[in-house]
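The residues making up each chain are set out below.
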Amino acid sequence: MGRFFGFEQPVNEVFIVKATVTQVMPALMVIGLVTGAVVPLQPIVAQSCNYYAGQAVGGQSLNVDLCSITRASAKSVDFVYYLGQERIQSQANCQDGSWVTFPERQRNRPQSSATQQMLTVVCGYQGRRPSSNNIATVFDPPSNVRTAPNGKVLCAIRERRTIHTYGTVGAWYYTDACGEMGVIHSGQLKFQP
């Protein structure tokens, strides 16, 4: 018998764990069972729908599923976020700076820079579908793409090239130029007419 995620399994059985990428935290590695040994495979490349907002007060990673963001009304936005590995369905009230979690219907207010960043991203997000209006040129490289405005650098764009943008948060544009969602400062971009 071998152990897999806390469950005892016969060594010679083959089993598959199904999960969407948005259900798997970026630091989690896919593992396989080969004759009773756990063998780590390559890390999963984060889906571009994932946005890391930072660390919550309790120390958990806070990630927003950008693909889940939908406008519910003029002041409300529905979205999903992950606190650690827990998936939480929510609705932000962008006028009063709070959000409600479901099914508990618990009202929350930011207690950390991560939860404040989560609300800023959710309330300012304008969609993921690129169009010709959302193509920009990085005109004076190198230019950093970051996890959040003034956050950790995801990658540097080292040559002049075009990128897709997906909405704004302040003076920053969302982009998937690094293979996952990040932000780049508007001062680094020129938009095509």
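Everything below is about the structure printed above this text.
This is a predicted model, so every value here is computed, not measured.

Colleague: I'd like a description of the packing of aromatic side chains, backed by residues and values.
Modeller: A complete count under the given rule lists 5 aromatic pairs for this structure. Relative to Trp-99, the ring of Tyr-81 has its centre 6.3 Å away and its plane inclined at 85°; by these criteria the two rings are edge-to-face. Residue Tyr-81 is found in strand E7 (residues 76–83), and its partner Trp-99 is found in strand E9 (residues 98–102); the two are separated by 18 residues along the sequence. On the basis of relative accessible area, Tyr-81 is assigned to the buried category, the value being 5%. When its relative accessible area of 3% is taken as the criterion, Trp-99 is described as buried. Aromatic side chains Tyr-125 and Tyr-174 sit 5.3 Å apart centroid to centroid with 75° between the ring planes, which places their arrangement in the edge-to-face category. Residue Tyr-125 is found in the loop between helix H1 (113–124) and strand E11 (135–138), and its partner Tyr-174 is found in strand E15 (residues 172–175); the two are separated by 49 residues along the sequence. Per residue, the accessibility class of Tyr-125 equals that of Tyr-174, and both read buried. An aromatic cluster of three or more residues is present, and its members are Tyr-51, Tyr-125 and Tyr-174.

Colleague: I'd like to hear about the pattern of salt bridges, residue by residue, with values.
Modeller: Inspection of the entire model under this criterion finds 3 salt bridges. Because the salt bridges share partners, they merge into one network encompassing Asp-96, Arg-107 and Arg-109.

Colleague: Help me get a handle on the pairing of strand E12 (residues 143–146), residues and values and all.
Modeller: Across the two faces of E12 the burial differs, with Ser-143 and Val-145 buried and Asn-144 and Arg-146 not buried at all. By the bridge criterion, 4 bridges tie E12 to strand E13 (residues 153–157) in an arrangement that is antiparallel. Within E13, the position partnered with Ser-143 by the bridge is Ile-157.

Colleague: Which residues make up the sheet that holds strand E8 (residues 86–93), and what are the values?
Modeller: Across the sheet, 6 strands lie side by side as E5-E6-E7-E8-E9-E10; this open sheet has antiparallel pairing. Of all strands in the sheet, those with a lone pairing partner are strand E5 (50–55) and strand E10 (106–108), marking the two edges. When the angles between neighbouring strand axes are averaged without regard to direction, this sheet yields 35°. Looking at chain direction, E8 and E9 are connected through 5 bridges and run antiparallel. When the sheet's bridge partners are listed, Asn-93 is paired in E9 with Ser-98.

Colleague: So what about the nonpolar core? Which residues, and what values?
Modeller: Val-64, Phe-79, Met-118 and Tyr-174 are the most contacted members of the largest nonpolar core, which has 25 residues in total. Elements with a contribution of two residues or more to this core: E5, strand E6 (61–71), E7, E8, H1, strand E14 (161–169) and E15. When residues of this core are assigned to their parent elements, the largest contribution, 5 residues, is made by H1. Excluding residues that lie within four positions of it along the chain, Phe-79 makes contacts with Val-64, Ser-68, Ile-69, Ile-88, Gln-89, Ser-90, Gln-91, Ala-92, Trp-99, Met-118 and Val-122. Judged by nonpolar contacts, the second largest core, of 7 residues, contains Ala-136, Val-138, Ile-157 and Ile-184.

Here is what the cut-offs are and how they apply
- Residues numbered from 1 in each chain as written.
- Predicted model: local features only at pLDDT ≥ 70, side-chain atom pairs only at ≥ 80, totals over all residues.
- Heavy atoms only, no water.
- Phe/Tyr/Trp six-rings, centres within 6.5 Å; stacked < 30°, edge-to-face > 60°.
- Helix = DSSP H or I, 4+ residues; strand = E, 2+ residues; numbered from the N terminus.
- Buried < 20%, exposed > 50% of the residue type's maximum accessible area, 1.4 Å probe, protein only.
- Salt bridge = Lys/Arg side-chain N within 4 Å of Asp/Glu carboxyl O.
- Pairing = 2+ DSSP bridges.
- Axes fitted to C-alpha atoms, helices over the stretch in contact; angles between N-to-C directions.
- Core = buried A, V, L, I, M, F, W, Y, C linked by side-chain atoms within 4.5 Å.
- Contact = heavy atoms within 4.5 Å.

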